[in-house]
Amino acid sequence: MTQSPAVDTAETVEGGRVAEAASAPLDGPPVIRTQGLTKRFAGGQLAVDGLDLTVPRGSVFGFLGPNGSGKTTTIRMLMGLIAPTSGVATVLGAPMPQSVAGVLPRVGALIEGPALYGYLSGRDNLIRYDSADPTSDPRTRKERVTRALERVGLAAAAGKKARAYSLGMKQRLGLAAALLQPRELLVLDEPTNGLDPQGMREIRALVREVAAEGTTVFLSSHLLDEIEQVCTHAAVMSKGRLVVQGTVGELAARAQGRLVVRTADTEAALKVLTEHRVAGLRVGEGRVDGEWAALDEQALPGLCAALVEAGVRVRGFGIERGTLEDAFVALTGEGFDVAG
Ligand SMILES: Nc1ncnc2c1ncn2[C@@H]1O[C@H](COP(=O)(O)OP(=O)(O)OP(=O)(O)O)[C@@H](O)[C@H]1O
């Protein structure tokens, strides 16, 4: 696939080297920055390999990658839960894990499912969680708990014991815990895991709302469309390494749209498109597609007419938009495993 000029602003990793970016930084120093961050587990597993990540303040940053690509391990290092084997992680300007005590009160986090007391109600779980936070004000606790339950859509189920909650409700309760106080940074590991489509929409709306209030949101996901819907920026991981990072617009621009002709007469269509110098032609079941970026939009009606004149029975003719998934496949040469 050819690259459009727009993608040159994305920070790209090729052959293990980072080409520094002019990637639209938002205000101030980055909220998260890692340099050469690496984690090799005792068993020898290299889970994160030389990661250079820059999360701009005010962004909704999607940390994207198939299962097992190193997202959770990275988040655990950022939150000081495990120490890196080598490299540096800085969160809100302070090195981790050394600055855990100063940094974590400024961060709301939902990692690997919330730790809940099953015998307590949702509301009592939040009260207990908030009481354990030395920075929280007991005088406003009740209102803050009520507000957090409302925000995540759990007000009606607040009195139910947490063990009776579905996975999605537990996930919401964990999110409510992260929202008990205003935070500079919200870190969410797969926040829509276990939610139905409506629940996913609600959580995404909540993420946008929190971001609009000025909180930087860092969320991991293996769902490409989720990243496209809520994030301003994204980084793509594959096998512990950073593939690319930049704004979502820059990343999606890597996936150019394709000209698609739907017809049973694929051979005849291929001939006409070749004559018209359409590059990157591929023939599929009942369709021929090619790169369209180099074509002039003005040329499309003429191209369609030429197909018809050549006797091609055209059932469909148009441009299909490229997706982040196309970009991922183009960048890694792999399919994106969305299982799990
Ligand atoms: N404690 C551990 N000990 C050994 N290997 C581990 C450990 N934790 C994770 N790994 C391995 O490190 C790799 C990265 O795992 P990680 O959980 O960070 O990926 P992920 O992208 O978050 O995937 P998922 O979405 O499935 O959680 C995997 O191969 C995993 O098996």
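The preceding data block contains the structure.
Remember, it's a predicted structure, so these values are computed and weren't measured experimentally.

Caption draft 1: Seen up close, unusual backbone geometry. Backbone torsion omega between M96 and P97 reads 5°, so that peptide bond is classified as cis. You can see P97 is positioned in the loop between strand 7 (94-96) and helix 2 (100-103). For L92, which is not a glycine, the phi torsion comes out positive at approximately 50°. By secondary structure assignment, the location of L92 is in the loop between strand 6 (86-91) and strand 7. Positive phi outside glycine occurs at K239, with the angle close to 50°. Inspection of the secondary structure assignment puts K239 in the loop between strand 11 (233-238) and strand 12 (241-247). A residue is classified by how many C-beta atoms lie within 10 Å of it, and K239, with 15 of them, is partly exposed.

Caption draft 2: Structural detail: the sheet that holds strand 14 (residues 282-284). Spatially, the four strands line up as an open sheet ordered 14-15-13-16, and their pairing is antiparallel. Whereas interior strands pair on both sides, the edge strands pair on one side only; in this sheet they are strand 14 and strand 16 (314-320). Across the sheet, the mean angle from the axis of one strand to that of its neighbour is 15°, orientation sign disregarded. Of the strands in this sheet, strand 13 (258-263), strand 14 and strand 15 (287-291) touch helix 9 (residues 266-275), which is tilted by about 20° from strand 15.

Caption draft 3: Geometry of the environment of K71. For K71, the position within the fold is in helix 1 (residues 71-78). For K71, a count of 24 C-beta atoms within 10 Å translates into the label buried. For K71 and T215, which are 144 residues apart along the polypeptide, the C-alpha to C-alpha distance reads 21 Å.

Caption draft 4: A look at helix 1. Among the eight residues in helix 1, seven count as buried, and that is most of the element. Every buried residue of helix 1 is listed here: K71, T73, T74, I75, R76, M77 and L78. Phi turns positive one or two residues past the end of helix 1, at G80, with a value near 75°.

Caption draft 5: Structural view of the site of the ligand. In the vicinity of the ligand lie 13 residues, with F41, A47, N67, T72 and T73 positioned nearest. It is helix 1 that provides the largest number of residues to the shell around the ligand, a total of three residues.

Definitions and cut-offs
- Residues numbered from 1 in each chain as written.
- Predicted model: local features only at pLDDT ≥ 70, side-chain atom pairs only at ≥ 80, totals over all residues.
- Helix = DSSP H or I, 4+ residues; strand = E, 2+ residues; numbered from the N terminus.
- Buried ≥ 20, exposed ≤ 12 C-beta atoms within 10 Å, placed from the backbone.
- Pairing = 2+ DSSP bridges.
- Axes fitted to C-alpha atoms, helices over the stretch in contact; angles between N-to-C directions.
- Contact = placed C-beta atoms within 7 Å.
- Near = placed C-beta within 6 Å.

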